[in-house]
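Structure assessment
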Amino acid sequence: MEDENHHLIVNEVAGRILSSCACVIIPNLTRNVRPYALVENVVTHRDFRGRGLASECLEYAKELAMQRDCYKLMLLTGSKEKETLDFYRRAGYNSTDKTAFIQWLPKEGEDHSGHL
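This text gives an overview of the structure that appears in the document. Not measured: the values here are computed from a predicted model. (Residues numbered from 1 in each chain as written. Predicted model: local features only at pLDDT ≥ 70, side-chain atom pairs only at ≥ 80, totals over all residues. Heavy atoms only, no water.)

**Some points on the packing of aromatic side chains**
Two numbers describe a pair of aromatic rings. These are the distance of the centres and the angle of the planes. Overall, the coordinates contain two aromatic pairs when judged by the stated rule. Relative to Tyr71, the ring of Tyr36 has its centre 6.4 Å away and its plane inclined at 75°; by these criteria the two rings are edge-to-face. With Tyr36 in strand β3 (residues 36-44) and Tyr71 in the loop between α1 (53-67) and β4 (73-75), the pair connects residues that are 35 residues apart, well separated along the chain. Residue class for Tyr71 comes out partly exposed when judged on its relative accessible area of 24%. Look at Phe87 and Tyr88: their rings are 5.3 Å apart centre to centre, the planes differ by 55°, and that puts the pair in the tilted class. In terms of burial, Phe87 and Tyr88 fall into one category: buried. (Phe/Tyr/Trp six-rings, centres within 6.5 Å; stacked < 30°, edge-to-face > 60°. Helix = DSSP H or I, 4+ residues; strand = E, 2+ residues; numbered from the N terminus. Buried < 20%, exposed > 50% of the residue type's maximum accessible area, 1.4 Å probe, protein only.)

**Structural notes on the layout of surface pockets**
Roughly 1200 Å³ of internal volume is contained in the largest pocket. Taken together, 41 residues make up the lining of the largest pocket; nearest its centre are Met74, Leu75, Leu76, Tyr93 and Asn94. Elements that contribute at least two residues to the lining of the largest pocket include exactly β3, α1, β4 and α2 (82-90). Approximately 520 Å³ is the volume found for the second largest pocket. Surrounding the second largest pocket, 19 residues form its lining, Thr44, Arg49, Glu83, Thr84 and Phe87 being those nearest its centre. (1 Å grid on protein atoms, 1.4 Å probe; cavity = no way out; pocket = protein on both sides within 12 Å on 5 of 7 lines; lining within 4 Å. Points joined across faces, edges and corners; volume = space filled by probe spheres on them.)

**Some words on the side chain of Ser19**
Tracing the backbone through its elements, the reader meets Ser19 in strand β2 (residues 16-26). For Ser19, a relative accessible area of 1% puts it in the buried group. Polar contacts involving the side chain of Ser19 include one to the main-chain carbonyl oxygen of Val43, which spans 3.1 Å. Once residues lying within four places of it in the same chain are set aside, the contact partners of Ser19 are Ile9, Val10, Asn11, Val43, Thr44, Leu53, Ala54 and Cys57. (Polar contact = N/O pair within 3.5 Å; in protein donor to acceptor, adjacent residues only side chain to side chain. Contact = heavy atoms within 4.5 Å.)

**Thoughts on α1**
For α1, spanning 15 residues, the distance from its first C-alpha to its last is 21 Å, which sits close to the expected 21 Å at 1.5 Å a residue. Turning to α1, its buried residues number three or more, namely Leu53, Ala54, Cys57, Leu58, Ala61, Leu64 and Ala65. All buried residues of α1 lie within an arc of 140° about the axis, which places them on one face of the element. Seen from the open side of α1, the exposed residues pointing more than 90 degrees away from its buried face are Met66 and Gln67. Looking at the buried side of α1, the elements it contacts are β1 (6-13), β2, β3, β4 and α2. Where α1 ends, the next residue or the one after it, Asp69, has phi of about 60°, a positive value. (Expected span 1.5 Å × (residues − 1). Arc of directions from axis to C-beta.)

Shown next as structure tokens:
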């Protein structure tokens, strides 16, 4: 909560959090030392999807990134669903500029397979 670079963005309606995402501003040594931002964990309660709540969270993340002079805003998703991918494209993201590679790390006490 005290990290000025880590933002938990929520969309609250009538006292209920219905949509959220995390936006992290990452310091950088390239691009004239301009930071970049990473958006993760975009979630909307299933009963409230299609109402623009997540879009508002993503727009807020974009505003934060622009205020902090980020040169790019990245978003990762594990979804392969066309509906979800189209949603991110409509929000201004593309899946053609970069290739993402992920290495999952074990928790302390687990081996590399995720087993204790």
